[in-house]
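Now for the letters of each chain:
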Amino acid sequence: MSSQKVLVFAIFAIALGLAEAKSTKQTNAWYAEGTPNFAYDCSEKEDGNYPHPTLCTHYVACVAKAYAYEMVCALNHDGKPLHYVASSGPDPRTSHCDYPEVAGCEGPEPEKPTTTAPEVTTTRAPEVTTTRVPEPTTTRAPEPTTTRTPEVPTTAAPEVPPPTEAPPTDECREHDCRQVGNCTSFEVCQNGQWQERECGEDLFWNSEIDNGFGGE
């Protein structure tokens, strides 16, 4: 009975040791630090490391021809990431990352996230304006003024001399002229009588000239 207990305990110890060894192996696997479920076809690739399809600073670890892990190269002394050397794989023991000029990869590098500090806006409080109330002013009413009506001088109307009798229409003053008929004839006073006369050739009576002839 005691020998059976010893055998069971031995088997349990061996199983526990195998489980611990398997756990340690999985923890120390070369792809343990990678990001699983990466979109990469490992169906025809043996276990190992392969160049990343787009980034030089990354590479892909294939496991069991079914699982892909995205791996990241370490940083060099100046803080910039190294590039994966494609010719060093797929053996995990020989594959490695190196300086870009050594790796010879020409793919794009991942963009570094940039953080922009928000601008601080300062709002100035509005100035308070004080409006002074104007003092009331008193307007004195003007004193009434009395305007004296000026005396209107009386002017005696000038004496109008009695009208003189107009000379008879048949009488005239010597050498007076007047128009009669059409524009080419006129009358002249001679010896108190009107005498008809004709204007000269191409001449006509001009009413704007006293006792004179006109022309074109």
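Rules used throughout
- Residues numbered from 1 in each chain as written.
- Predicted model: local features only at pLDDT ≥ 70, side-chain atom pairs only at ≥ 80, totals over all residues.
- Heavy atoms only, no water.
- Helix = DSSP H or I, 4+ residues; strand = E, 2+ residues; numbered from the N terminus.
- Buried < 20%, exposed > 50% of the residue type's maximum accessible area, 1.4 Å probe, protein only.
- Contact = heavy atoms within 4.5 Å.
- Areas by Shrake-Rupley, 256 points an atom, 1.4 Å probe, with all protein chains shown as cover.
- Disulfide = S-S within 2.5 Å.
- Phe/Tyr/Trp six-rings, centres within 6.5 Å; stacked < 30°, edge-to-face > 60°.
- Lys NZ or Arg CZ within 6 Å of the ring centre and 35° of its normal.
- Polar contact = N/O pair within 3.5 Å; in protein donor to acceptor, adjacent residues only side chain to side chain.
- Core = buried A, V, L, I, M, F, W, Y, C linked by side-chain atoms within 4.5 Å.

(A) Molecular detail of the overall build of the protein. In terms of regular secondary structure, the protein is built from two helices and 10 strands. The order of helices and strands in the protein, counted from the N terminus, is α-β-β-β-β-β-α-β-β-β-β-β. A total of 216 residues make up the protein; the buried ones form 19% of that total. Residue pairs in contact within the protein that sit at least 24 positions apart in sequence constitute 31% of those at least 6 positions apart. As displayed, the protein offers around 18700 Å² of accessible surface, 54% of which is attributable to carbon and sulfur atoms.

(B) Representation of the state of the cysteines in the model. For the coordinates displayed, the defined rule picks out four disulfides. The partner cysteine of Cys56 in its disulfide is Cys105, sulfur to sulfur 1.8 Å. The sign of the -75° torsion about the S-S bond sets the Cys56-Cys105 disulfide as left-handed. Remark: Cys105 occurs in the loop between α2 (100–103) and β6 (177–179) and Cys56 occurs in the loop between β1 (48–51) and β2 (58–63); sequence separation between them is 49 residues. Assessed through its relative accessible area of 31%, Cys105 is described here as partly exposed. A sulfur-sulfur separation of 1.8 Å characterises the disulfide bridge that pairs Cys172 with Cys189. Across the S-S bond linking Cys172 and Cys189, the dihedral sits near 80°, which makes this disulfide right-handed. Of this pair, Cys172 sits in the loop between α2 and β6 while Cys189 sits in strand β7 (residues 185–190), and the two are 17 residues apart along the sequence.

(C) Summary view of the packing of aromatic side chains. Taken as a whole and judged by the stated rule, the model has three aromatic pairs. Taking 4.9 Å as the distance between ring centres and 90° as the angle between the ring planes, the aromatic pair formed by Trp30 and Tyr31 counts as edge-to-face. Classification of Trp30 as partly exposed rests on a relative accessible area of 31%. A ring pair is formed by Tyr59 and Tyr84, whose centres lie 4.8 Å apart and whose planes are at 20°; its orientation type is stacked. Taken together, the residues span a long stretch of sequence, with Tyr59 in strand β2 and Tyr84 in strand β4 (residues 83–84) at a distance of 25 residues. A residue is classified by how much of its surface remains accessible, and Tyr59, at 13% relative accessible area, is buried. Of note, Lys45 hangs over the ring of Tyr50, and the distance from its end group to the ring centre comes to 4.9 Å.

(D) Focus on the environment of Thr57. For Thr57, the position within the fold is in the loop between β1 and β2. A relative accessible area of 2% places Thr57 in the buried class. For the pair Thr57 and Cys97, spaced 40 residues apart in sequence, the C-alpha separation works out to 8.2 Å. Looking at Thr57, its side chain comes within polar contact range of the side chain of His58, at 2.9 Å.

(E) Main features of the nonpolar core. Counting residues in hydrophobic clusters, the biggest one holds 10 residues: Ala29, Tyr31, Tyr59, Ala61, Val63, Tyr69, Met71, Cys73, Leu82 and Tyr84. For this core, the secondary structure elements donating two or more residues are β2 and β3 (67–72). With three residues, β2 is the largest single contributor of residues to this core. Residues in contact with Tyr69, not counting those within four places in the same chain, are Tyr31, Gly34, Thr35, Pro36, Phe38, Tyr59, Val60, Ala61 and Val63.

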